[in-house]
There are 2 protein chains.
Amino acid sequence: MNQTTDRQVAVFLAEGFETIEALTVADLLTRAGIPHTLVSITDDTRVTSSHGVEVVADGVIKDLDFSQYDMLVLPGGIPGTPNLEACPLLMQQVKAFAAGGKAVAAICAAPSILAHLGLLRGVRAACNPCVEKDLMAGGAVLVHEPAVLCENLITSRGMGTATPFGLAIVRYFLGEETAEKLRRKILYQDINSGDLHR
Amino acid sequence: MNQTTDRQVAVFLAEGFETIEALTVADLLTRAGIPHTLVSITDDTRVTSSHGVEVVADGVIKDLDFSQYDMLVLPGGIPGTPNLEACPLLMQQVKAFAAGGKAVAAICAAPSILAHLGLLRGVRAACNPCVEKDLMAGGAVLVHEPAVLCENLITSRGMGTATPFGLAIVRYFLGEETAEKLRRKILYQDINSGDLHR
């Protein structure tokens, strides 16, 4: 990886995480040269996704020095999302990151966690249709964009928006031009882009 | 998984495979209820992707009964693609599948393998720009679509077209309506779909 920034991202893996939502972020961060760590929320680095794919994380949460990180990423998936929410250390850090102006990103069902923590009041946010009621109950301004950044919170809708979600994270750290260059490099056709007019 | 067909797919993992290209296929096949196996091409089920993600395969190639399978999937990635091509048993089976009217699917750099085996003569095919010269030398009719089916061969362009690639495989087994329903379910916006007109 050709590192492009000193800022670091932690992507959390719980049993039942959505494979593509978690690993697309890691993939795009690697391509963009942004340091990142796949973190198991248990003491075991082996984690099985909601679709039965076993992945080996880079480390476990109890060993993580959160002060070295600039963004926490919460993938969706069932039961991955409730498993993340049932991790007290992670929930404490998500609140601390949001309160301290650091970034938190969540996709699919995981934005419901941010809503439950009271972090989405008045915040423009996207999520999977299955948790829209949670976001509305939490006072979010619901949007149906593939990915949205508002007040250091990046949210997205589901497995099929994992690439826009990852690109939004790249854009957060490295800017629009770099994210757009990466989008073209991986041959991702963005419905809102100039690709439409080819 | 709610199984929808008896037909089976083998997705091959070589050291240096592209994480998202391989696992998006597995993810969409699981969602569609199509039985599939992640197969390591070595004797070790642990395989590390081109971006350093370690995945545990369901089995290894020497134990695979190819007669039980209806499609072989070749993900891209470097050195994943040359590693696939350096596996004699896999190359023999790719040729046998193509000759026997069974399906082979390849994405990113991996369609170059099909070209080198002489399987793309007169075939409409897509690939990563980095191997377009290989496809042209192999007599393919190069197209720039995200995914294309021609003569039981499905080909696609890269990490950013992994979802259209996976959906093309679902369409091959279960038809257009099921694939389109799945596309909407995962919230994937297709540049060629009615999503444009919302």
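Rules used in this analysis
- Residues numbered from 1 in each chain as written.
- Chains lettered and ligands numbered in written order.
- Predicted model: local features only at pLDDT ≥ 70, side-chain atom pairs only at ≥ 80, totals over all residues.
- Heavy atoms only, no water.
- Pairing = 2+ DSSP bridges.
- Helix = DSSP H or I, 4+ residues; strand = E, 2+ residues; numbered from the N terminus.
- Axes fitted to C-alpha atoms, helices over the stretch in contact; angles between N-to-C directions.
- Buried < 20%, exposed > 50% of the residue type's maximum accessible area, 1.4 Å probe, protein only.
- Contact = heavy atoms within 4.5 Å.

**Things to note about the sheet that holds strand β4 (residues 54-56) of chain B**
Working step 1: A sheet is described by the order of its strands in space; here four strands give the open sequence β3(A)-β4(A)-β4(B)-β3(B), paired in antiparallel fashion. Two strands in the sheet have a free side with no partner beyond their single neighbour: β3 (46-48) of chain A together with β3 (46-48) of chain B. Strand-to-strand, the axes of this sheet are offset by a mean angle of 30 degrees, without reference to chain direction.
Working step 2: Relative to β4 of chain B, strand β4 (residues 54-56) of chain A runs antiparallel, the two being bridged by three bridges. When the sheet's bridge partners are listed, E54 of chain A is paired in β4 of chain B with V56 of chain B.

**Observations regarding the pairing of strand β6 (residues 71-74) of chain B**
Consecutive side chains of a regular strand alternate in pointing toward one face of the sheet and then the other.
Residue and element names in this part refer to chain B.
Working step 1: Here β6 shows two buried faces, one formed by M71 and V73 and the other by L72 and L74.
Working step 2: By the bridge criterion, three bridges tie strand β1 (residues 9-13) to β6 in an arrangement that is parallel. Each bridged residue has a counterpart across the sheet, and for A10 the counterpart in β6 is L72.
Working step 3: Where β6 meets strand β7 (residues 103-107), four bridges bridge the pair, whose relative direction is parallel. Paired with M71 across the two strands is A103, which belongs to β7.

**Considerations on the environment of I41 of chain A**
All names here are of chain A.
Working step 1: On the secondary structure map, I41 appears in the loop between β2 (36-40) and β3.
Working step 2: Residue classification places I41 among the buried residues on the basis of a relative accessible area of 14%.
Working step 3: As for I41 and G122, which are separated by 81 residues in sequence, their C-alpha atoms are 29 Å apart.
Working step 4: Ignoring anything within four residues of it in the chain, the contact list for I41 reads F12, L13, A14, I61, N83, L84, C87 and L90.

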